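Report on the structure
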Amino acid sequence: MGKDAGPEERPKWDNKAQYLLTCIGFAVGIGNVWRFPYLCQIYGGGAFLIPYLIALVFEGLPLLFLELAVGQRLRKGSVGVWKTINPVIGGVGIACLIVSFLVGVFYNTILAWVLWYFFHSFQEPLPWSTCPLNESRIDYNLECKKSTPVNYFWYRETLNITPDIEISGSVEWGMVICLASAWCIVYICFIKGIDSVGKAVYVTSTFPYLVLTIFLIRALTLPGATDGLLYLFTPDWQTLTNPRVWLDAATQIFFSLSVAFGGLISFSSYNEEKNNCERDAVLVGVINSATSIYASIPIFSILGFKATTAFNACKDENILALTNYFEFSDQNITLQNYDYWYEYLNTTYPEKFQSLSLRECDLQKLLKQSVSGTGLAFIVFTEAVISMPGSQVWAVLFFVMLFSLGLSSMFGNIEGVLAPLNELKLLPRWMPKELISAVICLISFLVALLFTLSSGNYWVEVFNGYVGSVPLLIIALFEIIGVIYFRGMKTFSDDIYIMTGRRPNIFWKACWMVISPLLLLVVFVAYVVVQAQTRPTYQAWNPDYEKFPETEEKLYPDWVFAIIILLCVVPVISIPLVALYQLLRGRFRKSSVGMELNPYDNDAFVTDTQEQKTQRA
Amino acid sequence: MLEKILLLLSLSLSVAEGLCKPGVGEAYKVRFSIKTALGDQAYPWNKNEMFLFRAALAFAMRDFTNGEEFGVSDIHPCNETQRVSFWFVVTRPNTMDLVDKGTVEMAIKKSRNRINGAFLLTDKTLEFDGIYPTLAAPVSPDTPPWLIVFGVVMGAVSVGIIALLVYPLVQRKLKKNMDADDEDSDEETGVKTAENGANDGIYNSTFSDDERFTQM
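Numbers given for residues are sequential positions, taken from 1 along each chain in its written order. All chains are assigned letters beginning at A, and all ligands numbers beginning at 1, according to the order in which they are written. Under the rules for a predicted model, residues below a pLDDT of 70 receive no local features and side-chain atom pairs below 80 are neither given nor counted, while totals for whole chains, interfaces and linings still include all residues. Only hydrogens and water are set aside; all other atoms, that is, all heavy atoms of the structure, feed into the side-chain values.

1. Structural notes on the overall build of chain A
A run of DSSP states H or I qualifies as a helix once it reaches four residues; a run of E qualifies as a strand once it reaches two. Both are numbered from the N-terminal end. Looking only at helices and strands, chain A features 26 helices and two strands. Here the globule rule is a power law, 2.2 Å times the number of residues to the power 0.38, and the radius of gyration is based on C-alpha atoms. The C-alpha radius of gyration of chain A comes to 27 Å, within 12% of the 25 Å expected for a compact globule of 617 residues. Here the C-alpha coordinates of chain A stretch approximately 110 × 50 × 45 Å along the principal axes. The proportion of buried residues among the 617 residues of chain A is 56%. Burial classification: accessible surface area is computed with a 1.4 Å probe over protein chains only, and a residue below 20% of its type maximum counts as buried, one above 50% as exposed, and the rest as partly exposed.

2. Quick notes on the side chain of Asn 151 of chain A
Residue and element names in this part refer to chain A. Among the secondary structure elements, Asn 151 is positioned in helix α8 (residues 149–158). Residue Asn 151 is classed as buried on the basis of its relative accessible area, which comes to 14%. By definition in these notes, contact holds between two residues if any of their heavy atoms fall within 4.5 Å. Residue contacts for Asn 151: discarding those within four places in its chain leaves Arg 156, Ile 379 and Trp 541.

3. Things to note about the pattern of salt bridges
Salt bridge, as used here, is a side-chain nitrogen of Lys or Arg placed within 4 Å of a carboxyl oxygen of Asp or Glu. Per the stated rule, a full pass over the model turns up 22 salt bridges over all chains. Across the pair Arg 31 of chain B and Glu 127 of chain B runs a salt bridge, and its minimum N-O distance is 3.3 Å. Within this pair, whereas Arg 31 of chain B is found in strand β1 (residues 28–32), its partner Glu 127 of chain B is found in strand β4 (residues 126–128), the two being separated by 96 residues in sequence. Assessed through its relative accessible area of 9%, Arg 31 of chain B is described here as buried. Lys 110 of chain B is paired through a salt bridge with Asp 63 of chain B; the nearest N and O atoms lie 4.0 Å apart. Highlighted residues: Lys 110 of chain B in helix α4 (residues 101–110) and Asp 63 of chain B in helix α3 (residues 47–65), separated in sequence by 47 residues. Where salt bridges share partners, they join Arg 73, Glu 273, Arg 487 and Asp 495 of chain A into one cluster.

4. What about the packing of helix α6 (residues 91–119) of chain A against α8 of chain A?
The axes of two packed helices give the description: the angle between them and the distance between them. All names here are of chain A. For helices, the fitted axis covers only the stretch in contact; all axes are lines through C-alpha atoms, and the angles between them, taken along N-to-C directions, range from 0 to 180 degrees. Interaxial distance between α6 and α8 falls to 12 Å at its minimum, and their mutual angle equals 115°. Here α8 runs roughly perpendicular to α6, going by the angle between their axes. Relative to α8, α6 is oriented so that their crossing is right-handed. Where α6 approaches α8, its residues Trp 113, Trp 116 and Tyr 117 are matched on the opposing element by Phe 153, Trp 154, Glu 157 and Thr 158. All amino acids are sorted into three groups, where Ala, Val, Leu, Ile, Met, Phe, Trp, Tyr, Cys and Pro are nonpolar, Asp, Glu, Lys and Arg are charged, and the leftover types, Gly among them, are polar. Class assignment for the residues of the contact of α6 with α8 results in five nonpolar, one polar and one charged. Here the angle decides the label: under 35 degrees means roughly parallel, over 145 means roughly antiparallel, 65 to 115 means roughly perpendicular, and every other value means oblique. Each crossing gets its handedness from the near helix: less than a right angle anticlockwise from the far helix is left-handed, clockwise is right-handed.

5. Notes on helix α5 (residues 112–119) of chain B
Residue and element names in this part refer to chain B. All of the buried residues along α5 are Arg 112, Ile 115, Asn 116 and Phe 119. One side of α5 carries all its buried residues, which in axial view fall inside an arc of 100°. Seen from the open side of α5, the exposed residues pointing more than 90 degrees away from its buried face are Asn 113 and Arg 114. Buried residues along α5 sit in contact with β1, α3, α4 and β4. Regarding the arc, it is the one traced by the directions from the helix axis to the C-beta atoms.

6. Here's the deal with unusual backbone geometry
Of note, the bond from Glu 124 of chain A into Pro 125 of chain A is cis; its omega dihedral lies within 30 degrees of zero at -5°. One non-glycine residue, Asn 79 of chain B, lies in the positive phi region at around 55°. Mapped onto the elements, Asn 79 of chain B comes out in the loop between β2 (75–78) and β3 (85–90). With a relative accessible area of 47%, Asn 79 of chain B lands in the partly exposed category. Positive phi values are uncommon outside glycine, yet Asn 94 of chain B reaches one of about 65°. Take Asn 94 of chain B: it is sitting in the loop between β3 and α4. For Asn 94 of chain B, a relative accessible area of 81% puts it in the exposed group.

7. A few points about helix α20 (residues 391–423) of chain A
Residue and element names in this part refer to chain A. Over its 33 residues, α20 runs 48 Å from end to end, which matches the ideal 48 Å to within 8%, given 1.5 Å per residue. In terms of burial, α20 is a largely internal element, 30 of the 33 residues being buried. At the C-terminal side of α20, Lys 425 shows a positive phi close to 55°. One less than the number of residues in a helix, times 1.5 Å, gives the span that helix is expected to have.

8. Here we look at the UniProt feature "transmembrane region" (unreviewed entry) in chain B
Per the UniProt annotation, the sites labelled "transmembrane region" (unreviewed entry) are residues 146–170 of chain B. For residues 146–170 of chain B, the end-to-end C-alpha separation is 35 Å, with 100% helix and 0% strand making up the annotated structure. UniProt positions are given in the numbering used here, feature names are shortened, and annotations may be inferred rather than shown by experiment.

9. What to know about the UniProt feature "binding site: Na(+)" (unreviewed entry) in chain A
Residue and element names in this part refer to chain A. If you check UniProt for "binding site: Na(+)" (unreviewed entry), the listed places come out as Gly 25, Ala 27, Val 28, Asn 32, Ser 256, Asn 288, Leu 405 and Ser 409 in our numbering. Of the residues just listed, which span 385 residues, no C-alpha pair is farther apart than 12.3 Å, and they cluster in one region. Following the sequence through the fold, Ser 256 ends up in helix α13 (residues 243–256). Once residues lying within four places of it in the same chain are set aside, the contact partners of Ser 256 are Ala 27, Asn 32 and Asn 288. Here Ser 409 shows up in helix α20. Excluding residues within four positions of it along the chain, Ser 409 makes contact with Gly 25, Phe 26, Val 28, Gly 29 and Tyr 107.

10. Quick word on the pairing of β3 of chain B
All names here are of chain B. The element β3 is extensively covered by neighbouring structure, given that six of its six residues are classed as buried. DSSP bridges decide pairing: two strands pair if at least two such bridges lie between them. The pairing of β2 with β3 spans four bridges and is classified as antiparallel. Each bridged residue has a counterpart across the sheet, and for Cys 78 the counterpart in β3 is Trp 87.

11. A word on the state of the cysteines
Residue and element names in this part refer to chain A. The rule for a disulfide is simple: a pair of cysteine sulfur atoms within 2.5 Å. Scanning the entire structure with this criterion turns up two disulfides over all chains. Between the sulfur atoms of Cys 131 and its disulfide partner Cys 144 the distance amounts to 1.9 Å. Classification of the bridge connecting Cys 131 and Cys 144 rests on its S-S torsion, roughly -85°, and on that basis the disulfide is left-handed. One end of the pair, Cys 131, is in the loop between α6 and α7 (142–146); the other, Cys 144, is in helix α7, and 13 residues separate them in sequence. The partner cysteine of Cys 314 in its disulfide is Cys 361, sulfur to sulfur 1.8 Å. The S-S bond linking Cys 314 to Cys 361 shows a torsion near -90°; that makes this disulfide left-handed. Taken together, the residues span a long stretch of sequence, with Cys 314 in helix α15 (residues 277–326) and Cys 361 in the loop between α17 (350–356) and α18 (363–368) at a distance of 47 residues. Take Cys 314: its relative accessible area is 5%, and that puts it in the buried class. Cysteine pairing for chain A, with bonded cysteines counted in sequence order: 1-2, 3-4.

12. Regarding the sheet that holds β4 of chain B
Residue and element names in this part refer to chain B. Pairing is antiparallel in the open sheet, where four strands are placed in the order β2-β3-β1-β4. Because the sheet does not close on itself, it has two edges, and the strands there are β2 and β4. Mean inter-strand twist for the sheet, computed between neighbouring axes without regard to direction, equals 30°. Strands in contact with α5 are β1 and β4; relative to β4, the strand with the most contacts, it is inclined by about 140°.

13. Focus: the environment of Leu 303 of chain A
Residues and elements named next belong to chain A. Looking at where Leu 303 falls in the secondary structure, it is placed in helix α15. In the structure, Leu 303 is positioned 65 residues away from Lys 368 in sequence and 10.0 Å away in space, judged by C-alpha atoms. Every residue in contact with Leu 303, bar those within four places of it in the chain, is listed here: Leu 376 and Val 380.

14. Focus on the domain arrangement of chain B
Residue ranges labeled as domains rest on an automatic or database domain assignment. Along its sequence, chain B is organised into domain 1 (16–128) and domain 2 (141–175). Spacing between the C-alpha centres of domain 1 of chain B and domain 2 of chain B amounts to 61 Å.

15. Thoughts on the pairing of β1 of chain B
Residue and element names in this part refer to chain B. For β1, the buried fraction is high: five of the five residues fall into the buried class. Residue alternation in β1 divides its side chains into two sets, Tyr 28, Val 30 and Phe 32 and Lys 29 and Arg 31, and both sets are buried. Pairing between β1 and β4: three bridges, direction antiparallel. The residue bridging Val 30 from the neighbouring strand is Phe 128, located in β4.

Shown next as structure tokens:
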């Protein structure tokens, strides 16, 4: 087996389980934990499952099947595959490369934040449970007092965030070393390509399920868990009439499955050709959605617990105020008879009661405080963990789970960068794959240093909102068009027949030819329209804001807006550019090189056959 | 003689009662939340507990003023409620002069833990209205614990990376040595040299699946 001299044999998965675990790990990411439950909650609980599952069946599964089939049949990474189908759409692979790189850069920053919290979870008490003292040591830090210790720890001690995206601040050294650790961990898993990734996913893809189960059992025993679950799953059928719900369901499925990154194409190209990719696609898609639903149960139990704790704390505060004011005996008013006393005192001594200005304690309002994204993980969840007995254990488990979820998704991103780079033949032959991976990780780390600035969080949100959205939709559209119209439905059906032993049935054909492209187009147009309607804004943490601790809504300055446009356009600009280049090249060169679909094509014999052809002619 | 003493006592009592006026002057309000703190093991509030409070406060005053002989009779409570809250004033020993608020506050602050301990309560459940407990300084160890965890994780990862990079190189060197030994010893066995040659050659996949190409 040639190592450095001559063409390398394509790497292979050790067994099917590795392949499936890698694909599932790529699809199942942090978004399943912190985005889906939030959507479920704001869109009427159980009712949201209907548009979600419909989107999965008609949009998610066809796209997934398409990518896995194309990769497995053509046995190349995302650049090679599209070049093979038709050089005109070769730009799609380059677009995948750029998007995978940009997404990988900011996604690993989120993992760096998770690592920071993980490192800080080994303290007693947890550092986000109390406020630090101010300089005079008489009182707590002012910013912390006005907001909460958890908010303070996230915004000030972790991010040291500036009040505005234009104020860059300085590099946060704690965050830099966490970022370096995150990239080193990614590197060690990717050091031998899929040989090491395949081993790593045994842990990173299965561990989250273990932790979710542990959390499920723990969370269901917490007081208030049932309130949270009821709130989550009570269906509000009215929301189904809101088109925004369907749009968000389609968008969520699309981004959740991690299609259009090119990683899935690469992963399936390492399979043997006769592999039932139809079953794999359905399996990965269903497991991804099932994980989202499964994860929302402990998340919402814990949110219910948090709301109940806050509710009881609010009532305790009021009870103390009432007991002190009316000089009742201690513990006369308890949580149980609070409502009775409240009514009685309100009616008997109305003026005195009003003068106390008690806080309104409303459980439903507390449950409604829905958060997604970093807010859920680093603010809401960390606050809930403080009230749970054995906080350190739960915090450590939670952050390790988040890290594994994110790490397995990072594998797909890195693969989406490395495989195309190898195929574009931009790198010299003598570079071993370990060195290439190291260089990629190093470059990504250096670019990600932007996110370790004090304004880094704002930039992560810019990247998250714009790189990880519009370009992917465009790429997916071109992927479907490329396969169905450039390769042809008939050829593709033959491909699938060769691989799985039967042709795709009418459902798949209908989806690929009509339904999925239509859905994607609608989602894309609606997405762009919704974004274009309002000038984009961001939420800034400004201690000098008069409504602090609420975040201040600010407009993006013009230069940031220009960068946003660049981020949306640069990844996909390669598609028309390459198409144009190929068309012009085809014009000027009469002879067209035949598309050799033969996977056993051996370069050594090309000259021979041409000579034979000329000899025969 | 007896009448004089009685007169003095009643006078002092009435004067003392006049001294302790809620919310005015040098009076402090104190609140006990015994049931909240102790639950089932709460003791009932009675005259004996009040005596203990006066004794504890007298001790605090003595401790702060370094020896001035405050007694139980120098602490004058009034306006006791069911809450268990009452006001009190402190007078200088053997006189009716009130001790100013500042001194009382500092004395209580100094001996807060002792007073709390006497009643099995905490800063929150034994409240002195207006005297805020000194906040516990947060524990700040010399090396932040998170750096230790970071060091452990990064150490393990670095060792892993170096091991994974160096191990194949070491293996290859060992194999080359073994191959060199083999070549020296098995020069006659042509098969082995062919194998060695094949190891360095190019793997030609065209010959792996003959049926596809030999159509003739």
